[in-house]
2 protein chains.
Amino acid sequence: MIRIAIVGTGNIGQAAQKAVQNAEDMELVGVYHHYEVDDAQCTMHNVDVALVCLPTRESPAFAEKMLRMGISTVDSFDIHTQIPAVRSRLMPVAQSNHAVAVISAGWDPGSDSMIRALLQVLTPEGQSYTNFGPGRSMGHTVAAKAIAGVKNALSITLPLGKGQHGRHVYIELEDGYDFEDVRNRLLADDYFAHDATEVELVDDVEQYQTTAHGVLLERTGTASGKDGQQLEFKMQIDNPSLTAQFMTGCARAAYRLQQTGRWGCYTTIELAPVDMLPGTTESNVQHLV
Amino acid sequence: MIRIAIVGTGNIGQAAQKAVQNAEDMELVGVYHHYEVDDAQCTMHNVDVALVCLPTRESPAFAEKMLRMGISTVDSFDIHTQIPAVRSRLMPVAQSNHAVAVISAGWDPGSDSMIRALLQVLTPEGQSYTNFGPGRSMGHTVAAKAIAGVKNALSITLPLGKGQHGRHVYIELEDGYDFEDVRNRLLADDYFAHDATEVELVDDVEQYQTTAHGVLLERTGTASGKDGQQLEFKMQIDNPSLTAQFMTGCARAAYRLQQTGRWGCYTTIELAPVDMLPGTTESNVQHLV
């Protein structure tokens, strides 16, 4: 049994509890709030892999702390441009502590990254488009909430095709503010100025909350010199559930890499799918190849 | 530069020449007919990886011969039920000769296998459906040609959704045979008796030939205990071109595994996507994760 600890009790941490409990080859040995982990170090030493379900910006430092204890980690760090730097930072820590860090193991970055890599293998030349949504954008929601006069907000990303996106923003107003004025300031914000954005005034933003999300990865390209190959990957999913489930699969890969001495920091495109699945390689080859 | 030999000059072998010539990190050092390879052994010793583009049933024995020469191999062996046996057969040969065999590296089995494994990671419980076509089925075409009175035939697989398939069979008649009689015997053949099959009498079957094919992998399943996640992967492709391009990516992985001492026989679900791509891991992490 792989002994798993979950750090964080938000949407993803809660979903991860179910994913780990449903895994036949895993034992959930602890669920921790961030601040508890120092006190819980002795317990944590019993852990094979920690699922780091913390806000993205806190993840690398926390993973580093776990790795120094010889505990392998999986996180869903999602700032694409900073992934190479996080990988470089955690690589020597993981190697010198004989542990494995799998970073950016949500769905994008994460499972989508594996698909993008595979589409690139199949068609080395071509055009790719990533279309997100419909689903909540955390970044745009935070930006909308920061506009003066906005009491509460929710920004939904709408896929318009070929990598173009629109926004649907639900807002509640603070008393004394004019909707048209707030709307114009929101539309002028750099987060919204470049996309087709619809702003809707509502009584209660929470009525429109959703954890549903989706993605369409499209690629048209050339294989063996022949143009016009068309490939696509599509998901309609519950965001925290899919993130946590994939992190759990990556925890299995981290454990196996650690056990076989392949210490270091990995992104998902560096992992073999079979290492994320329960059961033996032989049985998965028989059923899935 | 990775030194590649191509064995076989059929549809896939011809496409593979283009794929290898287009690869920035590969050198095509030879194209061989099957029967030439014994004579060409000295030349072959210069080869890092041989792309085995031979009929499926001849592939394992030929790969074994190459492996004994210390040459890594990639094939597209496609009889799903026999893949575990081929893997077990080539494993010790590859290991003892410090080489790597990647088997069943077309699109199904092959790249589809990697997708199936990933869908299983993302949703451990659920229903999967594999829908093939429209495209030529070699097996059904051969079966139709074997019916008495059939001069030439072509069987196209039609996807009807949720893993169900229909067939459209074009036939030319031998002189003196009755179409209705031939049609009834074809429909009674075990290859066609279980699917909705349409038989069309034509003057020239070759007018309907195609190398186009397609697949839709569908999965509805549960992630972190939450049902209703919907995932799909779809391709519309040129069959030999995509097969050869993916084999070429797998040749890159075989080379890297051989160079780092990870000798043995692998199916595609045991490979990391990044190892199939040109360039450094670092640059692929930066652009694809």
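Refer to the structure above for everything that follows.
The structure displayed is predicted, hence computed values, not measured ones.

### Regarding helix α3 (residues 59-68) of chain A
Residues and elements named next belong to chain A.
Here's step 1: A large share of α3 lies buried, amounting to seven of its ten residues.
Here's step 2: Looking only at α3, the buried set comprises Ser59, Pro60, Phe62, Ala63, Glu64, Met66 and Leu67.
Here's step 3: Of the residues flanking the end of α3, it is Gly70, one or two places downstream, whose phi is positive at about 80 degrees.

### A look at the packing of aromatic side chains
Residue and element names in this part refer to chain A.
Here's step 1: All chains considered together, the criterion is met by four aromatic pairs over all chains.
Here's step 2: When the centroid spacing of 6.2 Å and the interplanar angle of 65 degrees are considered together, the rings of Trp107 and Phe132 count as edge-to-face. On the criterion of sequence distance, the pair formed by Trp107 in the loop between β5 (100-102) and α5 (111-122) and Phe132 in strand β6 (residues 125-132) is long-range, its members being 25 residues apart.
Here's step 3: Between Tyr170 and Tyr208 the ring centres are 4.3 Å apart and the planes differ by 20 degrees, which places this aromatic pair in the stacked class. Within this pair, whereas Tyr170 is found in strand β9 (residues 164-173), its partner Tyr208 is found in the loop between β10 (196-201) and β11 (212-223), the two being separated by 38 residues in sequence.
Here's step 4: A relative accessible area of 14% means that Tyr170 is categorised as buried.

### Section: the relation of the copies chain A and chain B
Here's step 1: When chain A is fitted to chain B, the residual RMSD is 0.0 Å, and the transformation amounts to a turn of 180 degrees plus an axial shift of 0.0 Å. In short, the pair behaves as if placed about a two-fold rotation axis.
Here's step 2: An overlap of 100% is found between the interface residues of chain A and their copies at the interface of chain B, pointing to a shared contact surface.

### Quick notes on the sheet that holds strand β2 (residues 26-32) of chain A
All names here are of chain A.
Here's step 1: If you trace the six strands from one edge of the open sheet to the other, you get β2-β1-β3-β4-β5-β13, paired in parallel fashion. Strands at the two margins of the open sheet, each flanked by one partner only, are β2 and β13 (264-266). Between one strand axis and the next, the sheet turns through 20 degrees on average, direction left out of account.
Here's step 2: Running at roughly 165 degrees to strand β4 (residues 72-75), α3 makes contact with β1 (2-7), β3 (49-52), β4 and β5 of the sheet.
Here's step 3: Helix α8 (residues 239-259) contacts β1, β2, β3, β4, β5 and β13 of the sheet and is inclined by roughly 155 degrees relative to β4.

Conventions we followed
- Residues numbered from 1 in each chain as written.
- Chains lettered and ligands numbered in written order.
- Predicted model: local features only at pLDDT ≥ 70, side-chain atom pairs only at ≥ 80, totals over all residues.
- Heavy atoms only, no water.
- Buried < 20%, exposed > 50% of the residue type's maximum accessible area, 1.4 Å probe, protein only.
- Helix = DSSP H or I, 4+ residues; strand = E, 2+ residues; numbered from the N terminus.
- Phe/Tyr/Trp six-rings, centres within 6.5 Å; stacked < 30°, edge-to-face > 60°.
- Least-squares fit on C-alpha atoms with pLDDT ≥ 70 in both.
- Contact = heavy atoms within 4.5 Å.
- Pairing = 2+ DSSP bridges.
- Axes fitted to C-alpha atoms, helices over the stretch in contact; angles between N-to-C directions.

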